[in-house]
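# Remarks on the overall topology
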Amino acid sequence: AAGEAEVRLLLQEARESIEAARSYRRELQQRLRGLHQAREQIKDSATLTRDVLEQHFSDLKGTLKKLLDERLTSLLQEVDVIEQESIKPLDECQKLIEHGVSTADDLLREGESAVDGDVGQQNEKLCNFTKKALHIQLDSLPEVPSLVDVPCLSAQLDDCLLTILKNQIFRHGTVASRPPVQLEEFVEKPGGILVRWCKVDDDFTAQDYRLQYRKSSASHFEDVYVGSETEFMVLHIDPNVDYQFRVCARGDGRQEWSPWSVPQSGRTTLVPHEWTTGLEGYSLSSRRNIALRNDSQSCGVLYSKAPTYFCGQTLTFRQVLFVIETVGQPDRRDSLGVCVEQRNGDDSLQRDKAVCISTNGAVFVNGKEMTNQLPAVTSGSTVTFDMEVVQLGPCSNEGGNFKLRVTISSNNREVVFDWVLDQCCGSLYFGCSFSYPGWKVLVF
């Protein structure tokens with residue numbers, strides 16, 4: 001018996017050692033995969049950086065050549081203009097002198113003919129020649145500019161430009177091995193993702209952040225946020241579709257952006273909050289997330305399309321948030337809130353199996369008004385409902401087995417209370433009701 005016990009103990013120890021070896025192997029394999037991913041990230045980012053540098057400097061060369069060619073053309077045109085403007089009066093003077101030379105030649109021939117002519121005609125020829133010579137004004141000569149008075153073109157080229165360019169080029173561009181900001185967290189929201197990021201370089205002072213995203217099937221990122229916050233709710237996200245995100249920052253007092261963070265994938269499995277269609281008293285936006293109380297005399301509660309306000313795996317209800325974009329005339333029956341079920345015929349959520357806030361700030365639980373009150377709802381107000389399961393028992397009709405801790409926030413104030421239900425609720429509807437037109441509510 002002792003021998004069998006010893007064998008069983010040895011077998012147990014052996015099995016534990018085998019399981020420990022398997023676990024150790026799994027951990028090592030996981031670390032190998034991590035090393036492989038790290039190596040691929042270094043290689044891929046290095047390849048991309050080389051391509052970016054080569055393309056950038058190739059573009060710089062082309063741009064510099066174009067600028068130098070344009071400058072050379074401009075200077076050559078300037079030389080042409082100065083040459084033409086300076087040569088023109090000289091050409092006119094040359095024509096005048098050449099005309100004078102021709103006139104003098106004619107006059108010389110005529111004078112020589114008069115002097116050497118027949119004695120009978122000599123007197124008349126000499127008289128005509130003398131008159132002609134007096135008329136030509138042989139003592140009047142055109143002014144010819146001296147060399148110091150005419151332009152002498154030259155090129156003035158400052159060799160310090162090469163030194164300046166050399167210094168600027170040698171300082172142009174840097175290679176960063178680690179971006180100063182990185183993505184930190186993705187939080188699923190109905191029809192959206194709350195993206196958070198953080199600064200990882202203590203020496204970097206950020207002035208603005210720039211968040212981009214794209215569907216994994218898309219080839220280009222697009223801007224979704226630029227500002228000083230370190231989180232942003234990206235809306236209009238298709239459920240169960242992977243999106244890639246990246247973020248960069250701009251240093252204090254600088255114009256250029258930092259390198260991009262390592263792209264990371266995020267997704268939401270939560271369908272977007274939508275109002276139900278078909279209720280005559282309300283007009284909806286194309287995405288059905290905005291409801292406007294219209295001029296119809298019809299009255300009633302506008303519910304969500306589905307019970308999308310649901311309990312997650314951590315037994316915490318997802319947040320629903322109402323934003324009041326415009327207001328109308330208030331009424332004590334007005335309400336914003338959540339409920340267990342849709343119920344036709346009611347004109348308000350101030351009823352059983354519902355919690356809500358009225359536009360005057362009154363809070364109702366199962367139709368009863370609480371003593372605590374929130375500020376009145378105005379244009380631009382944000383009303384938030386958060387719920388957490390604090391008691392979960394077997395689903396039955398005995399009552400008191402399902403308790404939710406409800407937090408309603410509005411205008412920087414909140415009320416907290418326990419909502420006891422007589423049934424388990426995996427999901428809830430949200431709704432609103434307004435008696436008069438003009439109220440406009442966005443939900444997400």
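What counts, and at which threshold
- Residues numbered from 1 in each chain as written.
- Predicted model: local features only at pLDDT ≥ 70, side-chain atom pairs only at ≥ 80, totals over all residues.
- Heavy atoms only, no water.
- UniProt positions renumbered as here; feature names shortened; annotations may be inferred.
- Helix = DSSP H or I, 4+ residues; strand = E, 2+ residues; numbered from the N terminus.
- pLDDT = per-residue confidence, 0-100.

The chain goes by Cytokine receptor-like factor 3 in an unreviewed UniProt entry, where it is assigned to Leiothrix lutea. On record in UniProt, under Subcellular location (unreviewed entry), the comment for the chain is "Cytoplasm". We quote the UniProt Sequence similarities (unreviewed entry) comment for the chain here in full: "Belongs to the cytokine receptor-like factor 3 family."

### Remarks on the UniProt feature "coiled-coil region" (unreviewed entry) in the chain
Look at the UniProt record and you will see "coiled-coil region" (unreviewed entry) annotated at residues 11-85. Helix makes up 100% of residues 11-85 and strand 0%, and the two end C-alpha atoms of the span are 109 Å apart.

### Some thoughts on the confidence of the model for the chain
Taken as a whole, the chain shows an average pLDDT of 86; of its residues, 92% reach a score of 70 or greater. Across the chain, element-level confidence peaks in strand E15 (residues 362-365) with a mean pLDDT of 96 and bottoms out in strand E12 (residues 316-326) with 60.

### Some remarks on unusual backbone geometry
Negative phi is the rule for most residues except glycine; trans is the rule for most peptide bonds. The phi torsion at lysine 353 lies on the positive side, around 60°, for a residue other than glycine. Following the sequence through the fold, lysine 353 ends up in the loop between strand E13 (335-339) and strand E14 (354-357). The backbone phi angle of asparagine 412 is positive, close to 65°, even though this residue is not glycine. Relative to the helices and strands, asparagine 412 resides in the loop between strand E18 (402-410) and strand E19 (413-421).

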